[in-house]
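Each chain is listed here by its residues.
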Amino acid sequence: MTPSAVLFDCDGVVVDSEGATFALLAEDIAAYGLHFDLAEMERLFLGGTIYGLGMALRQLSDRVPEDWADRFYAKLYPHLAAGTPLIAGIEAVLDALDAAGVPYAIGSNGSGAKMQITLGQHPAVLARFRGHVYSGQDLGTPKPAPDLYLHAARALGVDPSRAVVIEDSPNGAMAARAAGMRCMGYAPHGNAALAEVGAEIFNDMRQLPALLGL
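What this report covers is the structure whose coordinates are included nearby.

1. Looking at the pairing of strand β5 (residues 182–186)
Item 1. Most of β5 sits out of view: 4 of its 5 residues are buried.
Item 2. Pairing analysis gives 4 bridges linking strand β4 (residues 163–167) to β5, with the strands arranged parallel. What sits directly across from Val 165, in β5, is Cys 183.
Item 3. Where the polypeptide runs from β4 across helix α10 (residues 170–178) and back to β5, its parallel neighbour, the crossover connection is right-handed.

2. Thoughts on the packing of helix α3 (residues 50–60) against helix α4 (residues 68–81)
Item 1. For the pair α3 and α4, interaxial distance at closest approach is 8 Å and the crossing angle is 125°. As summarised for this structure, α3 and α4 are arranged oblique, according to the angle between their axes. Like other packed secondary-structure pairs, α3 and α4 cross with a definite hand, here right-handed. Contact with α3, carried on its side by Ile 50, Tyr 51, Leu 53, Gly 54 and Leu 57, involves Trp 68, Ala 69, Asp 70, Phe 72, Tyr 73 and Leu 76 of α4 and no other residues of that element.
Item 2. Of the residues assigned to the contact of α3 with α4, the class counts are 9 nonpolar, 1 polar and 1 charged.

3. Let's talk about the packing of aromatic side chains
Item 1. Evaluation of the coordinates by the stated rule reveals 7 aromatic pairs.
Item 2. With centroids separated by 6.2 Å and ring planes inclined at 85°, the aromatic side chains of Phe 8 and Phe 129 adopt a geometry described as edge-to-face. Of this pair, Phe 8 sits in strand β1 (residues 5–8) while Phe 129 sits in the loop between α7 (123–128) and β3 (133–135); the two residues are 121 residues apart in sequence, bridging distant segments of the chain.
Item 3. Three or more aromatic residues joined by ring pairs make a cluster, and in this case those are Phe 8, Tyr 104 and Phe 129.

Scoring rules and cut-offs
- Residues numbered from 1 in each chain as written.
- Predicted model: local features only at pLDDT ≥ 70, side-chain atom pairs only at ≥ 80, totals over all residues.
- Heavy atoms only, no water.
- Buried < 20%, exposed > 50% of the residue type's maximum accessible area, 1.4 Å probe, protein only.
- Helix = DSSP H or I, 4+ residues; strand = E, 2+ residues; numbered from the N terminus.
- Pairing = 2+ DSSP bridges.
- Right-handed = clockwise from strand over helix to strand, strands pointing away.
- Axes fitted to C-alpha atoms, helices over the stretch in contact; angles between N-to-C directions.
- Parallel < 35°, antiparallel > 145°, perpendicular 65-115°, else oblique.
- Left-handed = near helix turned anticlockwise from the far one by under 90°.
- Contact = heavy atoms within 4.5 Å.
- Nonpolar A, V, L, I, M, F, W, Y, C, P; charged D, E, K, R; others polar.
- Phe/Tyr/Trp six-rings, centres within 6.5 Å; stacked < 30°, edge-to-face > 60°.

Here you go:
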């Protein structure tokens, strides 16, 4: 059944920012004696907020400063500004949604400032969302709470049960489930944790239009 609206996470779904972020994170936290490989960082930290990550890191090491999140943002923003590509195939998905007359929005745990740096590098794509770009961090309603996706559905004027969420993190999938929304889990390398919380896994963005019945 074709959805009435599609709600996208941003990082790792619309923009390919996760790899660069985790590479910088690994380098940064090594200074505090914390060493994780990529799979461990994705399992522990994917889909959260930077401020939530700072609290988690301080539980792991008392060497992590109270203002770690602000310090990390000061490094992260210029790092991402140096070049953040789009996820391959996402523009074709938006083309299919436009052709079908299905509205769409972004609901991200990242800050609005971060999305301006990453998605803002692609102004033509950003413009296609027609201002429907929402930050759970800025709204004070980060995932896994459902509020962010419920807010986006209301803004588009659709019943939450008729919206589909596109996510790459368990936190996001749990938010979709709590909002009563179907969740498609984008996992190009597989993600068992994402499947365990009810996401329907797909591994190539080019598959999405057909999966949505477009």
